[in-house]
Structures are given as C-alpha cells and as structure tokens.
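Observations on the three-dimensional arrangement
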Amino acid sequence: MFANTNAFYQNWRASCNSHLSVNTRQDAFPCGGPKLMLNSNVIETIMKLDAVLCKVKNENQELKAYNNYLKRNSEWLKEELFEREKQLQTMQSRMAALEDEINYMKFKAAMRNAKNSSFINEKPVEEEIQTSFTENLKKPNSTKERCSSLNLLFNLAVQYTLEGKYEIAFPLCKEALNAFKDTNNEHHVNAATILNFLSIICTKYGLYCEAARYLEKSLLIRILNCGSTDQIAIITLGNLATLYGKCQWYRKAEEAKLKLMRIRQEMLGDNHLELAEHLSDLATLCHQQGRCEEEQIYYHRAVNIYESQLNANDIRVKRAKFNLAKCLAEQLKFQEAGLLYKQIEGVF
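Thresholds applied
- For every chain, the first residue of the written sequence is number 1, and numbering continues from 1 along that sequence.
- Residue-level local features of this predicted model are given only where pLDDT is at least 70; pairs of side-chain atoms are given and counted only at 80 or more, and the full residue set underlies all totals for whole chains, interfaces and linings.
- Excluded from the side-chain calculation are hydrogens and water; included are all heavy atoms of the structure.
- Each salt bridge in this description consists of a side-chain nitrogen of Lys or Arg and a carboxyl oxygen of Asp or Glu lying within 4 Å of one another.
- To qualify as a helix, a DSSP run of H or I must reach at least 4 residues; to qualify as a strand, a run of E must reach at least 2; elements of each kind are numbered from the N terminus.
- Each Phe, Tyr or Trp ring (for Trp, its six-membered ring) is paired with any other whose centre lies within 6.5 Å, and the angle between the two planes then decides the class: stacked below 30 degrees, edge-to-face above 60, tilted in between.
- Whether a charge sits over a ring depends on NZ of Lys or CZ of Arg being within 6 Å of the ring centre and within 35 degrees of the ring normal.
- pLDDT expresses how confident the predictor is about each individual residue, on a scale running from 0 to 100.
- Here a residue-residue contact requires only that any non-hydrogen atoms of the pair lie within 4.5 Å.
- Summary of the burial criterion: residues with accessible area below 20% of their type's maximum are buried, those above 50% are exposed, and those between are partly exposed, where the area comes from a 1.4 Å probe applied to protein chains only.
- Working definition of a nonpolar core: buried Ala, Val, Leu, Ile, Met, Phe, Trp, Tyr and Cys residues. They are joined through side-chain atoms within 4.5 Å.
- To count toward a patch, a residue needs a relative accessible area over 30% and no salt bridge; like charges are then connected within 9 Å, while nonpolar side chains (Val, Leu, Ile, Met, Phe, Trp, Tyr) are connected within 5 Å.
- Residue burial considers only the protein chains on display, and all accessible areas are found by Shrake-Rupley using a 1.4 Å probe.

Points about the pattern of salt bridges
- Taken as a whole and assessed by the stated rule, the structure comprises 11 salt bridges.
- Across the salt bridge formed by lysine 252 and glutamate 216, the nearest N and O atoms sit 3.9 Å from each other. A residue pair is termed long-range when its members are at least 10 positions apart, and lysine 252 in helix α9 (residues 250–268) and glutamate 216 in helix α7 (residues 208–226) qualify at 36 residues.
- Note that glutamate 274 is salt-bridged to arginine 264, the shortest N-O span being 2.7 Å. On the criterion of sequence distance, the pair formed by glutamate 274 in helix α10 (residues 273–288) and arginine 264 in helix α9 is long-range, its members being 10 residues apart.
- Each of the salt bridges in this network shares a partner with another, and the network as a whole consists of Arg251, Glu254, Arg291 and Glu294.

Digging into the packing of aromatic side chains
- Counted according to the given criterion, the structure contains four aromatic pairs.
- When the ring of phenylalanine 322 is compared with that of tyrosine 341, the centres are 6.1 Å apart and the planes differ by 70°; the resulting orientation is edge-to-face. Of this pair, phenylalanine 322 sits in helix α12 (residues 315–330) while tyrosine 341 sits in helix α13 (residues 334–343), placing them 19 residues apart in sequence.
- Lying across the ring of tryptophan 249, lysine 252 places its NZ or CZ 5.0 Å from the centre.

Some points on the confidence of the model for the chain
- The pLDDT averaged across the chain works out to 76; a share of 73% of its residues lies at or above 70.
- In this model, residues 117–142 is a region of pLDDT below 50 whose contacts with residues beyond four sequence positions or in other chains number 38 contacts.

A short note on the environment of alanine 329
- Position of alanine 329 relative to the elements: it lies in helix α12.
- A relative accessible area of 23% places alanine 329 in the partly exposed class.
- Ignoring any residue separated from it by four or fewer positions in sequence, one finds alanine 329 in contact with Phe334 and Ala337.

Some remarks on the side chain of serine 199
- In this fold, serine 199 is placed in helix α6 (residues 189–204).
- With a relative accessible area of 4%, serine 199 lands in the buried category.
- Contact partners of serine 199, with chain neighbours within four places excluded, come to Ala211, Tyr214, Leu215 and Leu243.

Quick notes on the nonpolar core
- Of all hydrophobic cores here, the largest spans 41 residues; its most connected members are Ile194 and Leu198.
- Per element, the largest residue contribution to this core is nine residues, and it comes from helix α5 (residues 166–182).
- Every residue in contact with isoleucine 194, bar those within four places of it in the chain, is listed here: Phe154, Ala157, Cys173, Ala176, Leu177 and Phe180.
- With 22 residues, the next largest nonpolar core counts Met261, Leu279, Cys286 and Ala325 among its residues.

Things to note about a nonpolar patch on the surface
- On the surface, Tyr66, Tyr69 and Leu70 cluster together into a nonpolar patch covering about 310 Å² of accessible area.
- In this structure, tyrosine 66 sits in helix α2 (residues 40–115).

Okay, structure coming up:
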C-alpha cells in the first residue's frame, strides 16, 4: 500500500510543476532571479495527501498488530488441539479395553452355557461318532438351498475365526455345527474344520479340556473321511496330545503321542529326526508322571537317532544328551550322567 501511495505522490509532485508560476520581471524582484510561487490549490492537496499517508500508516500498524495477535492465537489453538487429541486417544483406548472386556465376559458366559449343551456330553466320543456315521449313511441328502445356507454359515465362521473375532466366531461355529447336524452332514470334513476352530477358540481362552473334546470329535471325523495317515489328521493328533498335556491328562497324552509316533514311523522309517522329537516328548510325559526309567529309555532312543543322522556337535544332539544326563542324575546314576556331561561340556 505504501509503495503505491509513494508512487502516486511522486507522480503528483511531477505534475505540480505545471502549476508553478514564474515571475521574471526585474521590477517585481529587485534582488534579481526568478521566484517560484505555489498555487494555493496545490498546497491544500499536499496537506490532504499527507493526512491520507498518516492514516494509511496507522492502519498498517494496526493490521500488523492484529496479525501478531492472530498468530499467537493460532499457536495457542494448535497446542490446545494437540492436548485434546491426546485426551481423545486415551479415551478411545479405554473404550476399546472396556469393549474387549465386555466381549470376553460375553464369551465366558457363552462357554458356560456350552458346557451344559448336548454337544459336549459324557458319552464316549468314538462310540457316538461311529453310531451316528452309520445312521447318516442311510439318510437322504439335504436340499440345495439348505446346503447353500450351510456353506455361507461355514464361510462366515471360518472368516471370523481367522480374523481373531472369537466372540463372534464362537456362536457362528456352534450354529454351523448344528446346521451340519440338521443337514445330515455332521461327519463332513468341513464339520471337522469347524470343530478345529472351536478347539482353537477354547484354547485361546485357556479352556483346554473343552478344546480337547472338540478336537477328539474333529480327529475321528477326519479319520473316517480321509484315513489316519491324512496330513491334517496327523497334525490334529499331535495337537490333541498337546491339549491332553495341558489338561494334565498325561496318560491320554502319552497314548496319543505313541499312536502318532507309530504312524510317522511307518511313513518315515525308524531313524527319522521327527521320531526323535516325538520320543523326547514321550520322555517329558513320563517325567511328569514320575516314570524315570521309561523316560530314560525314550531319551536314549532319541539320542541314538540324533547321533545317527546329525553331526556330534549339532545342538539337537547335545540337547538330547543333556536331557538324558539330567534323567540319569535324578536316578542317582552319576557316573553315566558324568560321562554325558563331559561330552556336552562347553555347549550349555
């Protein structure tokens, strides 16, 4: 604004020269030389322009002051907004935690109801599956519409389970399981998948006994459809043995592990490394039951397999020897344990 005003003022001063009157008469100016005289209108215009310039300067100063005020307010508002955002995030975190707690309580209530349902009962699982499987072979197939609804329900149950939304997945899985029963497909492989998911959900919440019951049914359905050497059936059997151990059903866990080891031994041979892992697991189960002699036998077999397949410095060989040495020491067989400790000295 000042630049434009000053430019105008300079142009105006140049134009003022046209209003100057020059009197060159010698009698009018006895001292000699020309004398410039300003017109009264020009003087008045200069005074007005000066007043305008002063007003513009004052307005500019006021605008600068107001601009500084706005900047200070803007900084304060930014700080206030930052604090409010932090408070909002804290409240959202608290709300999410409360929602998780509510969902967990709902799930626990559903699980308590599930314990009393007809699906989890005290009837021997194998007998129930075999009888129902024979009866269902004689029944006609379900309609196309019901199968379509069943597939949709199955897909939803799978989706929510894989997403970890267990409070939604659990009732959907139960509903899908009932739908499989209603459509005479309760021994379909997809029913085994649903049972696996129910077992996973129960395991996530520490309900190992309920999880084991679901997995028992899943395993039997899988074996009926695909055989005991099916890869998924083998994995399910291993998971079932683990669940038995978490339930402290060590005898059942040992039986499941022995069955698994026999199947894998037929498939892989007598000296496969996987068998050594199963033998170590069996030794651990025997240790938990206080059966040290059998524990020693299993560890000894595991060491022999590892030594036949791996280098003597392999960590798996030395770990197996360490476990065997510890077992021997607990039986007060210190001489044999000492020999093993010397072999693995410097590793642990």
